[in-house]
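Okay, here's what each chain looks like letter by letter:
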Amino acid sequence: MPANRFNGYTDYGVGIGLRIPHYRHILTKKPVVDWFEIISENYMIDGGRPLEVLDKILDQYKVVQHGVSMYFGSASDPDPEHLRRLKQLVKRTRTPWLSDHLCWGSVDGRYTHDLLPMPYTWEAVKVTADRIRHVQDFLEVPVVVENVSSYAEYHVSEMTEWEFLNEVVERADCGILLDVNNIYVSSQNHGFDPFVYVNAVPTQRIAQIHIAGHSKFEKYILDTHDHPVLDPVWELYARTIERTGPTATLLEWDDKIPSFDEVHAEALKANRFLQGAAQPPSEPAKSHELEGVAR
Amino acid sequence: MKHSMKTLMVAAAVSGLLSGAATLQAATPHSTNPVLKAGKASFGSASLHQDTSKHSCKGKNDCKGQGGCKAGDNGCKGKNSCKGKGGCATDGSKHPS
Amino acid sequence: MSELLELQRRVAAAIMHPLTRNETMPRRRRDGVSNTSEAATYIKPNDRLSSFERLEIYNRQYWFRLYSCFEEDFPGLKAVVGAQKFELLMRDYLTDCPSQSFTLRNLGSRLESWLLEHPEYLDPRRQLVLDMCRLEWAHIEAFDEAENPLLDADDLATIDEHSLLHLQPYLRILELQYPVEDLLIALRSESGSGDASSNNASAARKTRRVRRVAALEPEHIFLAVHRHENSVYYKRLDREDYLLLKALLSGASLGNAIETAFVDSVIPEEDRGRWLQQIFTSWSALGWFTR
């Protein structure tokens with residue numbers, strides 16, 4: 001289900017995150033890339049070089065906005081200035097959909113600048129879904145929410161993470177940016193089967209997929225975006241594509257960033273799975289599908 | 001300042017404004033026109049080096065802390081990316097509280 | 001109060017609390033709250049990490065992220081106060097003035113006013129520290145503030161002594177007691193050169209940096225921090241330039257701004273017309289005047 005209402009009925013292929021070390025290469029060599037994802041906050045400014053570069057990229061490439069500080073799950077109201085600037089950028093990029101995270105990160109007007117895990121409670125479902133609807137109505141562009149990597153869970157949680165995700169997106173009627181690396185990281189940190197998560201997500205709402213590398217420490221895994229994609233993550237990606245069909249896919253590489261060609265080549269490995277899934281997805285599939293939990 | 005003098009001064013300024021605007025209109029990007037004395041490039045030479053972007057959604061794992069690892073965690077061992085930046089501060093040398 | 005809000009306030013209080021000198025989460029906070037018992041009340045432990053350790057990951061990430069952004073924004077300030085003191089300055093400033101913006105770009109927006117209330121971070125070179133802070137914040141603003149449309153022929157044709165000339169939002173003007181822009185450029189050139197992975201090179205750079213700062217003599221200067229072709233530049237100004245621009249920025253008419261510029265000026269009256277023509281030609285060519 002490549003094109004759906006959550007990704008503006010687009011049929012994007014494999015993209016990479018637009019990062020500064022690659023600016024010169026992209027602007028001078030003009031490599032063929034399906035699309036770029038930008039971090040919205042880096043361009044929510046009034047002028048200067050970032051916007052100049054963005055405009056040049058927009059002239060030649062498809063661009064999708066990805067945010068890191070909307071904090072759909074924060075109990076406090078969104079900052080009107082943030083929304084105003086974001087809408088201004090949406091008009092500039094004409095992004096077919098806009099993503100941000102299913103998390104919180106600010107309270108009482110103070111920002112942690114981190115993607116903090118939600119307590120999976122019914123109150124949080126309502127607050128988060130209301131906020132997503134509000135943002136979507138204001139921005140007038142499809143909003144999709146991304147599952148985050150987490151390192152902690154709360155006692156008060158009343159459901160699993162995937163149940164929470166499903167409840168939120170149903171109530172908000174929004175799409176999902178499924179980050180399969182984040183699912184893997186969280187599964188290792190919290191001890192659940194990542195395939196159960198992948199199998200429980202409503203495929204018709206998946207607008208985009210993220211892949212990335214992570215770092216393994218002795219007692220936990222950290223979502224560092226500084227490595228190639230690891231095999232267990234590719235396996236989750238394969239399973240997701242098996243369920244959804246070809247879906248817009250984006251590689252995130254944010255630290256120890258290698259050459260453009262290396263990052264792009266890593267992203268293009270996704271084609272192995274996308275090409276194999278060019279046929280309509282088959283459901284149900286695989287035995288681990290049966291383990292999926294849905295409310 | 002006498003009014004006549006002020007008028008002359010304003011005329012001089014306006015003349016400069018017009019002249020500068022004409023120069024600007026004629027200038028091409030990256031022009032070496034001598035009138036465009038911008039001053040010192042803040043990075044020694046104007047370049048992409050001054051580009052910055054602060055936001056990403058990676059977990060923070062730079063040399064200041066290895067993303068939450070502590071002195072005893074194996075995750076920190078064998079890392080050499082901190083060379084020249086003061087190490088991973090496992091010796092208590094930072095942040096007296 | 002909603003349970004969600006209460007939980008988020010408690011977690012934020014723990015995460016935004018300063019780390020210990022070992023860059024770990026303190027067992028007990030400054031207000032006496034035990035982080036061990038606090039974490040246990042809302043964070044589940046697992047088979048590898050206690051509640052405290054799981055919360056600590058976020059506490060450390062918070063500070064590392066902010067420190068790295070702040071250091072990137074204020075390398076000159078770090079050089080003039082010294083690395084050790086800078087660590088304390090970052091901790092105390094960010095504790096007192098946590099981010100109130102969706103963007104980390106604004107992290108240092110309250111630094112100058114905060115420093116003025118914390119003389120312990122200004123001494124013994126108070127003016128040098130303040131000057132560097134002002135320059136580095138002006139740089140951040142000049143980098144990405146708006147660039148408004150230039151005056152067109154019709155606008156130019158109607159300018160007289162009563163006109164209000166608007167300047168580009170990215171333009172910042174500073175009166176400084178030290179030539180901090182030269183120091184900052186030198187520091188940046190040094191940090192951008194050489195082999196960053198070599199400890200010897202790093203030590204040599206540090207020594208050069210310390211010597212440069214120690215050798216910096218006071219010099220009363222006026223500076224424009226501005227943008228040209230989307231690069232930030234530092235342009236020295238004469239006293240009269242500064243006064244004129246300052247008057248225009250505060251809303252004075254062109255005629256009044258010119259009068260202000262020449263109060264106590266050493267420029268002979270007969271040279272002032274030519275001088276004005278030159279500076280307005282230069283500023284106009286740089287695109288500083290806008291609609």
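Here the structure is a predicted model, which means the values were calculated and not measured.

Cut-off values and rules
Residues numbered from 1 in each chain as written. Chains lettered and ligands numbered in written order. Predicted model: local features only at pLDDT ≥ 70, side-chain atom pairs only at ≥ 80, totals over all residues. Helix = DSSP H or I, 4+ residues; strand = E, 2+ residues; numbered from the N terminus. Rg over C-alpha atoms; globule rule 2.2 N^0.38 Å. Contact = placed C-beta atoms within 7 Å. Buried ≥ 20, exposed ≤ 12 C-beta atoms within 10 Å, placed from the backbone. Pairing = 2+ DSSP bridges. Axes fitted to C-alpha atoms, helices over the stretch in contact; angles between N-to-C directions. Core = buried A, V, L, I, M, F, W, Y, C linked by C-beta atoms within 7 Å. Right-handed = clockwise from strand over helix to strand, strands pointing away. Parallel < 35°, antiparallel > 145°, perpendicular 65-115°, else oblique. Nonpolar A, V, L, I, M, F, W, Y, C, P; charged D, E, K, R; others polar. pLDDT = per-residue confidence, 0-100. Expected span 1.5 Å × (residues − 1). Arc of directions from axis to C-beta. Left-handed = near helix turned anticlockwise from the far one by under 90°.

## Thoughts on the overall build of chain A
Next, step 1: The number of helices and strands found in chain A is ten helices and twelve strands.
Next, step 2: Taken over C-alpha atoms, the radius of gyration comes to 18 Å for chain A, in line with the 19 Å a tight globule of 295 residues would show.
Next, step 3: Once local pairs closer than 6 in sequence are excluded, the contacts in chain A between residues at least 24 apart make up 79%.

## With respect to the overall build of chain C
Next, step 1: Regarding its fold elements, chain C presents 13 helices and five strands.
Next, step 2: In terms of overall size, chain C is more extended than a compact globule, its C-alpha atoms giving a radius of gyration of 24 Å where 291 residues would be expected to give roughly 19 Å.
Next, step 3: Referenced to the eigenvectors of the C-alpha coordinate spread, the extents of chain C come out at roughly 80 × 50 × 35 Å.
Next, step 4: Counting across all 291 residues of chain C, residues that qualify as buried make up 44%.
Next, step 5: For chain C, the proportion of contacts with a sequence separation of at least 24, taken over those separated by at least 6, is 64%.

## A few points about the sheet that holds strand β8 (residues 175-179) of chain A
All names here are of chain A.
Next, step 1: Taken in spatial order, the eight strands of this closed barrel run β1-β2-β3-β4-β7-β8-β9-β12, and their pairing is parallel. Averaged over all adjacent pairs, the angle separating strand axes in this sheet is 30°, with direction ignored.
Next, step 2: Note: strand β9 (residues 206-212) against strand β12 (residues 249-252), four bridges, orientation parallel. Bridging from a neighbouring strand, A212 pairs with E252 of β12.

## Description of the nonpolar core
Next, step 1: In this structure, V145, I176 and V180 of chain A, A13 of chain B together with V129 of chain C are the most contacted members of the largest nonpolar core, which totals 180 residues.
Next, step 2: If we skip the residues at most four places from it in the chain, V129 of chain C touches L77, V80, V81, L115, Y121 and L122 of chain C.

## Looking at the pairing of strand β3 (residues 63-66) of chain A
Residues and elements named next belong to chain A.
Next, step 1: The two faces of β3 match: V63 and Q65 on one face and V64 and H66 on the other face are all buried.
Next, step 2: In the sheet, strand β2 (residues 35-39) pairs with β3 via four bridges, with the strands oriented parallel. Following the sheet pairing, E37 is matched in β3 by V64.
Next, step 3: At this point the chain moves from β2, through helix α2 (residues 49-60), to the parallel β3, and the crossover so formed is right-handed.
Next, step 4: Two elements, β3 and strand β4 (residues 98-101), share two bridges in a ladder whose sense is parallel. Bridged to Q65 within β4 is L98.
Next, step 5: As a crossover connection, the stretch from β3 through helix α3 (residues 80-93) into β4 is right-handed.

## Structural notes on the pairing of β2 of chain A
All names here are of chain A.
Next, step 1: Counting buried positions along β2 yields four of five residues, so the element is predominantly enclosed.
Next, step 2: In this sheet, β2 lies alongside strand β1 (residues 14-17) in parallel orientation, the contact comprising three bridges. Looking at the pairing, G17 lines up with E37 of β2.
Next, step 3: Between the parallel elements β1 and β2, the chain passes through helix α1 (residues 23-29) in a crossover that is right-handed.

## As for the packing of helix α9 (residues 180-191) of chain C against helix α10 (residues 199-215) of chain C
Residue and element names in this part refer to chain C.
Next, step 1: Where α9 contacts α10, the two axes come as close as 11 Å, and the packing angle between them is 175°. In terms of orientation, α9 and α10 fall into the roughly antiparallel class. In this structure, α9 uses L183, A186, L187, E190 and S191 to contact α10, whose residues at the interface are R205, R208, R209, R212 and V213.
Next, step 2: Here the contact of α9 with α10 is composed, by residue class, of four nonpolar, one polar and five charged.

## Quick notes on the sheet that holds strand β1 (residues 40-41) of chain B
Next, step 1: One open sheet holds the four strands; their spatial order is β1(B)-β4(C)-β3(C)-β2(C), and the pairing between them is antiparallel. Either end of the sheet is taken by a strand with one partner, and the two such strands are β1 of chain B together with β2 (172-176) of chain C.
Next, step 2: Examined bridge by bridge, β1 of chain B and strand β4 (residues 231-237) of chain C share two bridges and lie antiparallel to one another. When the bridges of β4 of chain C are listed, A41 of chain B appears paired with Y233 of chain C.
Next, step 3: Packed on one face of the sheet, helix α7 (residues 126-144) of chain C meets β2, β3 (221-228) and β4 of chain C and runs near 170° to β2 of chain C.
Next, step 4: This element, helix α11 (residues 239-249) of chain C, spans β2, β3 and β4 of chain C of the sheet and lies at about 135° to β2 of chain C.

## A word on the confidence of the model for chain C
Next, step 1: Of the residues in chain C, 98% reach a pLDDT of 70 or more, and the chain-wide mean stands at 95.
Next, step 2: Model confidence for the complex is summarised by a pTM of 0.90, with the ipTM given as 0.93.

## Side note on α3 of chain A
All names here are of chain A.
Next, step 1: Between the first and last C-alpha of α3 there are 20 Å, a value that for 14 residues agrees with the 20 Å anticipated at 1.5 Å per step.
Next, step 2: Those residues of α3 that sit buried are H82, L86, L89 and T93. Angularly, the buried residues of α3 cover 60° about the axis, an arc narrow enough to put them on a single face. Counted as exposed and oriented over 90 degrees from the buried face of α3: P80, E81, R84 and K91.
Next, step 3: Each element contacted by the buried residues of α3 is listed here: α2, β3 and α4 (122-139).
Next, step 4: Looking at the residues trailing α3, positive phi occurs at R94, about 50°.

## Comments concerning the environment of D59 of chain A
Next, step 1: Topologically, D59 of chain A is positioned in helix α2.
Next, step 2: In sequence terms D59 of chain A and T93 of chain A are 34 residues apart; their C-alpha atoms lie 9.8 Å from each other.

## Overview of the packing of α4 of chain A against helix α5 (residues 161-172) of chain A
All names here are of chain A.
Next, step 1: Across the interface, α4 lies against α5 with an axial gap of 8 Å and an inter-helix angle of 40°. In terms of orientation, α4 and α5 fall into the oblique class. Note that α4 runs across α5; the crossing there is right-handed. Of the residues in α5, those in contact with V125, T128, A129, I132 and R133 of α4 are F164, E167, V168, R171 and A172.
Next, step 2: Class assignment of the residues belonging to the contact of α4 with α5 gives a composition of six nonpolar, one polar and three charged.

## Here's the deal with unusual backbone geometry
Next, step 1: Residue D123 of chain C is joined to P124 of chain C through a cis peptide bond whose omega torsion reads 5°.
Next, step 2: Mapping P124 of chain C onto the fold places it in the loop between α6 (111-116) and α7.
Next, step 3: Located in the positive-phi region is Y9 of chain A, a residue other than glycine, with phi close to 55°.
Next, step 4: Positive phi values are uncommon outside glycine, yet Y71 of chain A reaches one of about 50°.
Next, step 5: Along the chain, Y71 of chain A turns up in the loop between β3 and α3.
Next, step 6: Residue Y71 of chain A is classed as buried on the basis of its C-beta count, with 29 C-beta atoms lying within 10 Å.

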